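Structure assessment
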2 protein chains.
Amino acid sequence: MNHDLHMDPDEFRRRGYEMVDWVADYLVNIEQFPVTSPVAPGQIRKALPDTAPEQPEPFEAVMRDLDEIIMPGITHWQSPHWYAYFPANSSGPSLLGEIAAAGLGVQGMLWSTSPAATELETVVVDWMADLLGLPRAWKTTAQGGGVIQMSASDATLVALVTAREQAAGPVDRLVVYASDQTHSSLEKGARIAGFQHVRAIDVDAEFAIDIAALQDAIAADKAAGLVPAFVCATVGTTATTAIDPVRAIAETARREGMWCHVDAAYAGSAMICPEFRHHQDGLELVDSYTFNPHKWMLTNFDCNIYYVADRQPLLNAMSILPPYLRNEATLSGEVIDYRDWHVPLGRRFRSLKLWFVLRHYGAEGIRAFIREHVRLAQDLAAKITADGRFELVAPHPFGLIVIRHVDGDAATTRLAKRLNDSGKVAVTPTTLGDMAALRISIGSTRTTAGHVNQLWSLIDEMA
Amino acid sequence: MNHDLHMDPDEFRRRGYEMVDWVADYLVNIEQFPVTSPVAPGQIRKALPDTAPEQPEPFEAVMRDLDEIIMPGITHWQSPHWYAYFPANSSGPSLLGEIAAAGLGVQGMLWSTSPAATELETVVVDWMADLLGLPRAWKTTAQGGGVIQMSASDATLVALVTAREQAAGPVDRLVVYASDQTHSSLEKGARIAGFQHVRAIDVDAEFAIDIAALQDAIAADKAAGLVPAFVCATVGTTATTAIDPVRAIAETARREGMWCHVDAAYAGSAMICPEFRHHQDGLELVDSYTFNPHKWMLTNFDCNIYYVADRQPLLNAMSILPPYLRNEATLSGEVIDYRDWHVPLGRRFRSLKLWFVLRHYGAEGIRAFIREHVRLAQDLAAKITADGRFELVAPHPFGLIVIRHVDGDAATTRLAKRLNDSGKVAVTPTTLGDMAALRISIGSTRTTAGHVNQLWSLIDEMA
């Protein structure tokens, strides 16, 4: 080909500076945009041509369209006014790690295809196990281990498949249990893995699983000839950050021969602070655990960590070794090939950005970051409790508070809509059972007390 | 927290320039490194501390360790001397798109969570459908559609699950068929999806599936009361880029009521050149198709596209809608929520880098790029054929040639080892049946005729 078409390293350098400037300027100006994109369905698509360009276009044209066509359709997850869903926060060191990983462009499917990509991953997931106070047996130096995947959905699927492979019965007899507050990825993963029986167990007044109801469901299923195979305990549910009783669930799982998985996708990051660890008491009895540094730990999406207490059942479930992947290192058994720890074969060098984050902030810096969000959430909860117009509908142990207008569903839904339509903040309207509620999740990298005060003023004004 | 710990936009700007320089310098100097990392198992891990830092560290220390500890463990997939596996090539515009996407840090799980991330994806996957000459019915504007996922493994899993959900029988009666040359992700995906019967069908002298053997296997399974449910045709197998007869397989699939999936993970990129499309004749009869722009189309990993001829069975298999994901746009049915098109919920803005690549090179630029690699491979194949010491063991329609030393397995394996141990190139030793062979895959972004001449000299010298 005409090799002039390639961007040579010097042009990449120049354009790279421009792009870094573009990102830095974006972060400087992020509060100027409406937090939620106001575009109508189809608006962005209509502004783009129906066919790809046949001929090369100048890079300036791409950057112009990025600003003029794409940016109006962006919803600003990195805004300090972002209180919707859970955070998917980020940081400078994480972005820099992402750039380095993209530049290296290595494939870490096997140890041998880039040893540093595997070994740095092992080191940082072991670091994280210690930082979160996870059982020492889960470290790679013992019989467990962790692996970086894209999302908690992927981790849950892997847990379900591993459990299915070692369960004492055919899949059409196996039963999966979780509370009715469990993340939808459990139901989706169970469907993908072919489970036909998934029980959504009732919760108590605090939205945590009702252990008696779980045990009743198990007894009924066994009486019907079914086989309890998997139970998920969530530490920090999506709707309210409710906390299932891990120890009681895990004890039940042991008694029944079930796999016990803990989904701490959001709240796991908080466990870097020892004062939150009592919320996951009982981990030494569970089989697998997952959390997302890409939610609340300054590491840009995607970066999920999945831990197992024992790596052998995982490897038994996921390993396939065709001739073109055979190599001395793999056959020696001395190395880890992370392709055997999840669904995809190919894998990015995601540990690099997590390593950058851990070193830039240090564990103390991350603890301070988490504690500040929790403090801001508790302060806002106190204001809301003191105000007669709202009520908190659930406990709020972390950075999420869930509120409701005392005038009822319509007033609550209207408040959420007004807040979002203002473009000044983003919150998530939801329902708990049949009751409307409004989720305020504090966890964006640059959200400060000042931002939360602005949010409170808006709520006060719009209620 | 101490907000000084965050890297402010100006520091990010400065460090960002440094990191862009680091990547540009890496690309300038990439030929100086041994292509395959020579480190021993455990060497990188031992050089890193056992525990994470408690206190923040200066960024300079991280960059120093990146150079001194990590780089010796890197295998250089972006080297122009990279002939191993398949390419996972990259380009300047792709890296710039990755930086922009990371900087925006949006989550495209739903249309409403960042409309541009969804709509740009729809536009570029539709562009690609036209560029590859795929059936018009597969475009989002008709009844099909495409979605960007991480890898072909993920795409194959989704195809298998969709097929399982609409198959006429319980999973323990369903059968999956593919040639014995099919990528291991088929067997792995089938296992994850709970299939218990996977048939590895014999191939012909050109390593393409033997249609008579496929039909015999189907007849035998039906006679045994099993239900044929899924067949995979590969266009460009991993071992030799063999081409299964898509039309004959798809006709068989239609007759038997099976799902027909086409895995063109590597060769799909070549279809941007019309002269290669006869290799996938029959696509109008198939149900799903996947290819990886991250292999041979200048887009850095990860970027796989999965197409379906009809999106409804896919959505039926994968949709779950909990209250916290409900929103006006989704409920209106006017928008696409790509979370319903794959396993994970969260998703990066991966269409951005593909859009950057398509606009920077134009379709003509990408065609020239593909054609040059194919030309280089054909030239090398001609030299090898002319030389008495080697033989080609398979057809070589694209950029891969598979060779063998006429002295046999030991000489072939020794040659591969010498080439790799030299650090000057990377190739993949493999076996075909019981026969040793050596794969030479030409597809790195900056591989030129000069590089391939150097490879030939090395082979000549080391044989």
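Position labels on residues start from 1 in each chain and follow its written sequence. Chain letters and ligand numbers both follow the written order, the letters beginning at A and the numbers at 1. Given that this is a predicted model, residues contribute local features only at a pLDDT of at least 70 and side-chain atom pairs are listed and counted only at 80 or more, while totals for whole chains, interfaces and linings are drawn from all residues.

This part takes up the packing of helix 6 (residues 152-166) of chain B against helix 7 (residues 184-192) of chain B. Each packed pair of helices is defined by two parameters, the angle between the axes and the distance between the axes. Residue and element names in this part refer to chain B. To obtain an axis, a line is fitted to C-alpha atoms, over the contacting stretch when the element is a helix, and the angle between two such axes runs from 0 to 180 degrees between their N-to-C directions. Strands are runs of DSSP state E lasting at least 2 residues, helices are runs of H or I lasting at least 4, and numbering of each runs from the N terminus. Closest axis-to-axis distance for the helix 6/helix 7 pair is 9 Å, and the angle between their directions is 45°. When the axis of helix 6 is compared with that of helix 7, the two are oblique. The handedness of the crossing between helix 6 and helix 7 comes out as right-handed. Contacts from Ala-152, Ser-153, Thr-156, Leu-157 and Leu-160 of helix 6 reach helix 7 at Ser-185, Leu-186, Lys-188, Gly-189, Ala-190 and Ile-192. Amino acids are sorted into nonpolar (Ala, Val, Leu, Ile, Met, Phe, Trp, Tyr, Cys and Pro), charged (Asp, Glu, Lys and Arg) and polar (every other residue, Gly among them). Split into classes, the residues belonging to the contact of helix 6 with helix 7 amount to 6 nonpolar, 4 polar and 1 charged. Between 65 and 115 degrees an angle is taken as roughly perpendicular, under 35 as roughly parallel, over 145 as roughly antiparallel, and anywhere else as oblique. Put simply, a crossing is left-handed when the front helix is turned counterclockwise from the back one by less than a right angle, and right-handed when it is turned clockwise. Residues are defined as contacting one another if the C-beta atoms placed from their backbone atoms lie within 7 Å.

Quick look at the domain arrangement of chain A now. All names here are of chain A. How far each domain reaches was decided by an automatic or database domain assignment. Assigned domains within chain A: domain 1 (3-89), domain 2 (106-348) and domain 3 (357-462). Placing the centre of domain 1 and that of domain 2 at their C-alpha centroids yields a distance of 35 Å. Here the residues of the side of domain 1 that touches domain 2 sort into 3 nonpolar, 1 polar and no charged.

This paragraph deals with the interface of chain A and chain B. At the junction of the two partners, chain A supplies 121 residues and chain B supplies 121 residues. At 16 residues, helix 1 (residues 9-29) of chain A tops the list of elements feeding residues into the side of chain A that touches chain B. Of the residues contributing to the side of chain A that touches chain B, the split by class is 67 nonpolar, 33 polar and 21 charged.

What follows concerns the sheet that holds strand 5 (residues 259-263) of chain A. Residues and elements named next belong to chain A. Pairing within the open sheet is mixed, and its 7 strands lie in the order 1-7-6-5-4-2-3. Strands at the two margins of the open sheet, each flanked by one partner only, are strand 1 (145-149) and strand 3 (197-201). Here the average twist between neighbouring strands, direction ignored, is 20°. Summarising the sheet, strand 2 (residues 174-179) and strand 4 (residues 227-234) pair through 4 bridges and their orientation is parallel. Bridge assignment links Leu-174 to a residue of strand 4, and that residue is Val-227. With respect to the sheet, helix 8 (residues 211-223) is in contact with strand 2, strand 3 and strand 4, its orientation differing from that of strand 3 by roughly 150°. When DSSP finds at least two bridges between two strands, those strands are taken to pair.

All names here are of chain A. Where helix 4 (residues 92-104) meets helix 13 (residues 351-386), the axes come as close as 7 Å, and the angle between the chain directions of the two elements is 145°. The way helix 4 lies across helix 13 gives a crossing that is right-handed. On the side of helix 4, the interface is formed by Pro-93, Ser-94, Leu-96, Gly-97, Glu-98, Ala-100 and Ala-101, while helix 13 contributes Leu-352, Lys-353, Trp-355, Phe-356, Val-357 and His-360. Across the contact of helix 4 with helix 13, the residue classes tally to 8 nonpolar, 3 polar and 2 charged.

Right, let's get into the relation of the copies chain A and chain B. The atoms used to superpose the copies are C-alpha atoms, taken from residues with pLDDT of at least 70 in both, and the fit is least squares. Rotating chain A by 180° and moving it 0.0 Å along the rotation axis overlays it on chain B with an RMSD of 0.0 Å. What the superposition gives is, in effect, a two-fold axis relating one chain to the other. Both copies present the same face, since 100% of the interface residues in chain A are matched by interface residues at the equivalent positions in chain B.

Moving on, we get to the environment of Ser-269 of chain A. All names here are of chain A. With respect to the helices, strands and loops of the structure, Ser-269 is situated in the loop between strand 5 and strand 6 (288-291). Exposure classes come from backbone-placed C-beta atoms, where a residue is buried if 20 or more other C-beta atoms lie within 10 Å of its own, exposed if 12 or fewer do, and partly exposed in between. Assessed through the 32 C-beta atoms surrounding it within 10 Å, Ser-269 is described here as buried. Sequence-wise, Ser-269 and Arg-164 are 105 residues apart; in three dimensions their C-alpha atoms are separated by 28 Å.

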